[in-house]
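# Survey of secondary and tertiary structure
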Amino acid sequence: MPAHTATAARAIDLIKIYGTGETAVHALDGVNAEFAAGEFTAIMGPSGSGKSTLMHCLAGLDTATSGAVVLGDTDLTDLSDKQMTQLRRDRIGFVFQAFNLVPTLTALENITLPVDIAGRKVDREWLDTVVTRLGLGDRLDHRPGELSGGQQQRVACARALAGRPDIIFGDEPTGNLDSRSSGEVMSILRAAVDEFGQTVVIVTHDPRAASYADRVVFLADGRIVDEMRDPTAESVLDRMKQFDAVAVPTAK
Ligand SMILES: Nc1ncnc2c1ncn2[C@@H]1O[C@H](COP(=O)(O)OP(=O)(O)OP(=O)(O)O)[C@@H](O)[C@H]1O
């Protein structure tokens, strides 16, 4: 069995402040976190707790005010804009809430687009494996508008997997889906970890979605306040209720 000790991504003393002076918002207030390779992590927390900010910093879509993000052995702080673009293209896969597929391209063209843009050759065997595993074989000629939301998100998962990235980030990947399609998409991300050895980190509000992860990291007010291994929907929901209970007395 492969060792799960390698770290795919690391946040070190990460601080992100939006704005200045009186109106400054401390979106991340000193986050330290490690995401092990070959593991599936869900980031949860109340609205405004900094989940998206953390994910965007980890994925090189945003830069922190201070602290560092290290992907594998690469410190993102050291990279130029051009190197950052390359890193995102070559080493990171994304699955967004709004699918973000190109409407004029077929499912297959969408899936291979990042690899095509990178000027790399599509690994047909790997592509067949992914497409078959995701049940998209008979949908490859369809445009996104001809697919259901769940099918579109499966195409987005295939696109994220096609380039065999070091890490896949999902920002509310089930946020626009009904519970059945959510289950399908989460099963796919789970399989990406179990069968393909992928590393997956998602942000989610949904305890059922989080229950597919190996680990849940809880954020509140820009800090990591708790984490849970082998979560169930019930245990995650319980933990979230505790946060709400703590938050209520301080709310004005
Ligand atoms: N571009 C921005 N400019 C100013 N403040 C911002 C900006 N982006 C986020 N914030 C603030 O930073 C804090 C954290 O936001 P973030 O979107 O990371 O939270 P979140 O946990 O993902 O929230 P949600 O669950 O509602 O998506 C919030 O107070 C938010 O208002």
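Here, the structure is the one placed above.
The following paragraphs examine the structure supplied in this document. Since the model is a prediction, treat every value here as computed from it, not as a measurement. (Residues numbered from 1 in each chain as written. Predicted model: local features only at pLDDT ≥ 70, side-chain atom pairs only at ≥ 80, totals over all residues. Heavy atoms only, no water.)

### Regarding the site of the ligand
Taken together, Tyr-18, Val-25, Ala-27, Pro-46, Ser-47, Gly-48, Ser-49, Gly-50, Lys-51, Ser-52, Thr-53 and His-205 make up the full set of residues near the ligand. Within the backbone of Gly-48, one N or O atom sits 2.8 Å away from an oxygen atom of the ligand. Note that an oxygen atom of the ligand is positioned 3.0 Å from one of the backbone N or O atoms of Gly-50. Notes on the ligand: free accessible area 630 Å², of which the protein chains cover 58%. Where the shell around the ligand is concerned, the elements lending two or more residues are strand E2 (25-36) and helix H1 (51-58). Top element by residues in the shell around the ligand is H1. It accounts for three residues. (Near = heavy atom within 4 Å. Polar contact = N/O pair within 3.5 Å; in protein donor to acceptor, adjacent residues only side chain to side chain. Areas by Shrake-Rupley, 256 points an atom, 1.4 Å probe, with all protein chains shown as cover. Helix = DSSP H or I, 4+ residues; strand = E, 2+ residues; numbered from the N terminus.)

### Topic: the sheet that holds strand E3 (residues 40-44)
Taken together, six strands build an open sheet; the order of strands is E6-E7-E8-E3-E9-E10 and the sheet is mixed. Strand pairing shows two members of the sheet lacking a second neighbour, strand E6 (92-96) and strand E10 (223-229), which therefore form its edges. Here the strands of the sheet are splayed against their neighbours by 20 degrees on average, with no regard to which way each runs. Where H1 meets the sheet, its contacts fall on E3, strand E7 (167-171), strand E8 (200-203) and strand E9 (215-220), and the angle it forms with E7 comes to roughly 155 degrees. Sheet strands in contact with helix H2 (residues 81-91) are E6 and E7, and its direction is about 75 degrees off that of E6. (Pairing = 2+ DSSP bridges. Axes fitted to C-alpha atoms, helices over the stretch in contact; angles between N-to-C directions. Contact = heavy atoms within 4.5 Å.)

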